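So you can see what is in the structure, the chains are spelled out below.
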Amino acid sequence: MPHEVRGVVAKSKGAPVSVETINVPDPGPGEVVIDVQACGVCHTDLHYREGAINDEFPFLLGHEAAGTVSQTGAGVASLKEGDFVVLNWRAVCGECRSCLRGKPQYCFSTHNAQQKMTVDGIELSPALGIGAFSEKTLVAAGQATKVNDAAEPEVAGLIGCGVMAGLGAALNTGGVTRGDSVAVWGCGGVGDAAIEGSRIAGAHTIIAIDLDDRKLEWAKEFGATHTINSSNMDTSQVIEAVQSLTGGNGVDIAIEAIGLPATYEQAFYSRDLAGTVVLVGVPNPEMRIDLPLIEVFGRGGALKSSWYGDCLPTRDFPMLIDLYLQGRLQLDRFVSERITIDEVENAFHKMERGEVLRSVVII
Ligand SMILES: [Zn+2]
Ligand SMILES: [Zn+2]
C-alpha cells in the first residue's frame, strides 16, 4: 500500500515552500521506506528552492536525516525493519572505476531509489536524492546507514550532510593529525565542524576566521584556539594575522568553508610551505580565481577540494556516532533549535541571517 504523508515541497523558483500531501510508494527491489524522525535544514535545500541547483521542480526538500527503516524491498539484505539509520547521498555502486580501485569514497556512480514519490500525481525531485522533510521517504538501501540507536535522531541526522562535510574536510581530505596547525574560514555549520574535526584529530593550533563575533564565539566552543574577525582587514592583514599565530610560517592545513575567491586566496597564502588548502565551501559557477602559477608551484603541498568530506558513509557514520556517544565528539552542539515541519520556510530566513548553526525539523 502506498503511503500518503506530509512533506515540504518547493513548487517553483523562489516561492515559499509549503507542506503538501506526498505519495510514497512501497519499496521496490533494492529500495527502503524510512520513517523520518528528524531532518536538519541545510543551505542546499534553500539553493534548490531558489532554482540554483537545477529547474526540476517540484522538489521534496530535506536531506540531513535520521529515522527508522519502515519497509524493505526485495533483495535488501543490509537492513531490516526498525533499524536506526542516517541517510546519505553517497550510496556507492561497487562497480565504477573508483570503487574497483578501492576508493569507494570517490564513487563516480552513486545511486538513488528508482521509483518516484509524487505530489498530486506529479513526480517529485527529492533533494540530493533523499527528500526527508517528510514523514516517510523512499531511498535506495545504500543511502541508509545503520548507526547506534542510542543517539538522538536530531543529532545523528546531522552527520548526513553539512557536519560530515566539515568533519571530513579536516579528517579525510585535509588529513589533520596531532600537532598540526589549522585555519578555518567561515564559522557556520560546516566551518565549525571542520574545527571540531581538527580538535578531535589533535591539532594544536586552530584559528577561526569570520566576520561575525557571534560565530567566532561558537568556533571557540568547538575548539578554536584563536579567532580573527576579518571584517576590517584586507587580504594581506588576514594572512599576516594567521602567520603571526604560527611562528611567522602559516598553517599546515587551510580550510575554506565559505566558497569565495577572496577567502580562498587568503587560505592559499596563509598556509605554510608544503601545506594543504582544502576547499569545502561551495562556489557559484561564475566565480574565478587568479593566482600566480609560480606560487602554486613554489609553495608545494596540495590544493584539494572536499566533496561531502570525502566520506564513506558505511565507514564514517557509525564511527562518528560512537565518538559522540562516548562524549568525544560535540555533535549535539550543532543543534540550535528543534522545529516542526511547518516551520521550514522560517528556518531558511534564520539561516540566511546567520542566526543558527542548524534548525532541525522533528517529525
Ligand atoms: Zn562506484
Ligand atoms: Zn546539506
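Asks: Go over the environment of P153 with me, naming the residues and quoting the values.
Replies: Here P153 is to be found in helix α3 (residues 153–156). Placed 115 residues apart in sequence, P153 and A38 show a C-alpha to C-alpha distance of 5.6 Å. In contact with P153, not counting residues within four places along its chain, are Q37, A38, A66 and G67.

Asks: Explain the domain arrangement of the chain to me, using residue names and the numbers behind them.
Replies: Partitioning the chain into domains gives domain 1 (3–160 + 330–362) and domain 2 (166–307). Each partner contributes residues to the interface: domain 1 has 6 residues there, and domain 2 has 9 residues.

Asks: Describe the nonpolar core, naming the residues involved and giving the relevant values.
Replies: Counting 112 residues, the largest nonpolar core has L61, V182, V184, A194 and I255 as the members making the most contacts within it. Looking at this core, the element that brings in the most residues is helix α4 (residues 162–173), giving 7 residues. Both domain 1 (3–160 + 330–362) and domain 2 (166–307) contribute no fewer than three residues apiece to this core. Excluding its chain neighbours within four sequence positions, the residues that come into contact with I255 are A169, A170, G174, V182, V184, A194, V278 and V280.

Asks: How would you sum up the sheet that holds strand β17 (residues 302–305)? Please name residues and give values.
Replies: Spatially, 6 strands are ordered β14-β13-β12-β15-β16-β17 in an open sheet, and the strand pairing comes out parallel. Looking at the sheet topology across the chains shown, the edges are occupied by β14 (226–229) and β17. Mean inter-strand twist for the sheet, computed between neighbouring axes without regard to direction, equals 15 degrees. Where strand β12 (residues 181–185) and strand β13 (residues 205–210) come together, 5 bridges link them in parallel fashion. Across the sheet, the residue bridging to S181 is T205, located in β13.

Parameters at a glance
Sequence order sets the numbering: in each chain, residues are counted from 1 along the sequence as written. Whichever chain is written first becomes A and whichever ligand is written first becomes 1, with later ones labelled in order. The model is predicted, so local features are restricted to residues of pLDDT at least 70 and side-chain atom pairs to those at 80 or more, both for listing and for counting; the totals for chains, interfaces and linings are taken over all residues. Helical segments are the DSSP runs of H or I of at least four residues, strand segments are the runs of E of at least two, and each set is numbered from the N terminus. A pair of residues counts as a contact when their C-beta atoms, built from backbone coordinates, are separated by no more than 7 Å. Note: domain ranges come from an automatic or database domain assignment. Nonpolar core, as used here: buried Ala, Val, Leu, Ile, Met, Phe, Trp, Tyr and Cys residues forming one set through C-beta atoms within 7 Å. To sort residues by exposure, count the other C-beta atoms lying within 10 Å of each residue's C-beta; 20 or more gives buried, 12 or fewer gives exposed, and values between give partly exposed, all with C-beta atoms placed from the backbone. By this definition, two strands are paired if DSSP reports at least two bridges between them. Note on definitions: angles span 0 to 180 degrees between N-to-C directions of axes, and those axes are lines fitted to C-alpha atoms, for helices only across the stretch in contact.

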